[in-house]
Amino acid sequence: NKEEKTSTIIGKPLHYKELMTLLLKHINFSQYTNTLIEKEVSHSISLWYKMKYFLFGRPSLKKAALQKERREFFTIAQCSYQDIAIHLHDDDIFQYLYSMLTGNKQKCPSYGSHWELIGFQGKDPSTDLRGIGLFGIIQLFYFLTYSRASKSMAMKIYTLSKDTIQHFPFVI
């Protein structure tokens, strides 16, 4: 039986920025570079934008920094939890997520039906990431930790997801 019991208390909640730092530190980007296909989108744009670009030029951005960030996010989307789990030690991102949503400060078992309460589809949350990879978890952390307003909105949506009429999986 994989449903183990634990009583360790979860420490200070993990913030989005801390999670990103942790992931970027431990992801082997070279493993994914051959699978990323980068190209500029050159679809047709409206006449309004053509005129705007003609008169004022295209928006100028720090292109190198944005390209690096784009590669990081696309790489993270390809990573499975198993790719970085060995590096997390006690920083189990699912435990923090569960704690933030339920208010439970006790570590819960890594496997069990309690994960379905917050919207995972199975007893092991690490297998529910599918095509979005760790990027989906990062989005949830951002939503829950960016500001008090975003956390309040996230908690309202989480509460609505458990409603008997509206019922939908919040996490996945």
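Keep in mind that this is a model prediction, so the values were computed, not measured.

The rules we used
- Residues numbered from 1 in each chain as written.
- Predicted model: local features only at pLDDT ≥ 70, side-chain atom pairs only at ≥ 80, totals over all residues.
- Heavy atoms only, no water.
- Phe/Tyr/Trp six-rings, centres within 6.5 Å; stacked < 30°, edge-to-face > 60°.
- Helix = DSSP H or I, 4+ residues; strand = E, 2+ residues; numbered from the N terminus.
- pLDDT = per-residue confidence, 0-100.
- Core = buried A, V, L, I, M, F, W, Y, C linked by side-chain atoms within 4.5 Å.
- Buried < 20%, exposed > 50% of the residue type's maximum accessible area, 1.4 Å probe, protein only.
- Contact = heavy atoms within 4.5 Å.
- Salt bridge = Lys/Arg side-chain N within 4 Å of Asp/Glu carboxyl O.
- Axes fitted to C-alpha atoms, helices over the stretch in contact; angles between N-to-C directions.
- Parallel < 35°, antiparallel > 145°, perpendicular 65-115°, else oblique.
- Nonpolar A, V, L, I, M, F, W, Y, C, P; charged D, E, K, R; others polar.

*Asks:* When you look at the packing of aromatic side chains in this model, what are you seeing that I'm missing?
*Replies:* The geometry of an aromatic ring pair is captured by two quantities: the separation of the ring centres and the angle between the planes. Per the counting criterion, the structure on display carries 8 aromatic pairs. Both rings, one in Phe73 and one in Phe135, keep their centres 5.4 Å apart while their planes meet at 80°; by these two values the pair is edge-to-face. A residue pair is termed long-range when its members are at least 10 positions apart, and Phe73 in helix 3 (residues 63-78) and Phe135 in helix 6 (residues 134-145) qualify at 62 residues. Both rings, one in Tyr98 and one in Trp115, keep their centres 5.2 Å apart while their planes meet at 70°; by these two values the pair is edge-to-face. Taken together, the positions of Tyr98 in helix 5 (residues 93-102) and Trp115 in the loop between helix 5 and helix 6 put the pair 17 residues apart, joining distant regions of the chain.

*Asks:* Explain the confidence of the model for the protein to me, please; I cannot follow it from the model alone.
*Replies:* Parts of the prediction with low pLDDT should not have their coordinates interpreted in detail. Here the protein averages 79 in pLDDT, and 83% of its residues register 70 or above. Confidence scores differ between elements of the protein, with helix 4 (residues 81-88) showing the lowest mean pLDDT of 75 and helix 7 (residues 148-161) the highest of 93.

*Asks:* Sorry, what's going on with the nonpolar core here?
*Replies:* Soluble globular proteins: nonpolar side chains tend toward being buried together. Within the largest apolar cluster, 34 residues are counted, with the highest numbers of intra-cluster contacts made by Ile93, Leu134, Ile137 and Phe141. Ranked by residues supplied to this core, first place goes to helix 5 with 7 residues. Contacts of Ile93, omitting those with residues within four sequence positions, involve Leu14, Leu19, Tyr81, Leu134, Ile137 and Phe141.

*Asks:* Quick question: what am I supposed to make of the pattern of salt bridges here?
*Replies:* Where charged atoms from two side chains of opposite charge approach closely, those side chains can pair. For the structure shown, the criterion picks out 1 salt bridge. Salt-bridge contacts for Lys68 lead to Glu72; the nearest nitrogen and oxygen are separated by 2.7 Å. Highlighted residues: Lys68 and Glu72, both in helix 3, separated by 4 residues, approximately one helical turn. The exposure class assigned to Glu72 is buried, which follows from its relative accessible area of 14%.

*Asks:* What is the right way to read the packing of helix 6 against helix 7 from this model?
*Replies:* If you want to describe how two helices pack, look at the angle between their axes and the distance between the axes. Axis separation between helix 6 and helix 7 bottoms out at 5 Å; the angle between their running directions is 115°. Here helix 6 lies roughly perpendicular to helix 7, going by the angle between them. Between helix 6, through Tyr142, Phe143 and Leu144, and helix 7, the contact on the second element is made entirely by Ser150, Lys151, Met153, Ala154, Met155 and Ile157. Counted by class, the contact of helix 6 with helix 7 contains 7 nonpolar, 1 polar and 1 charged residues.

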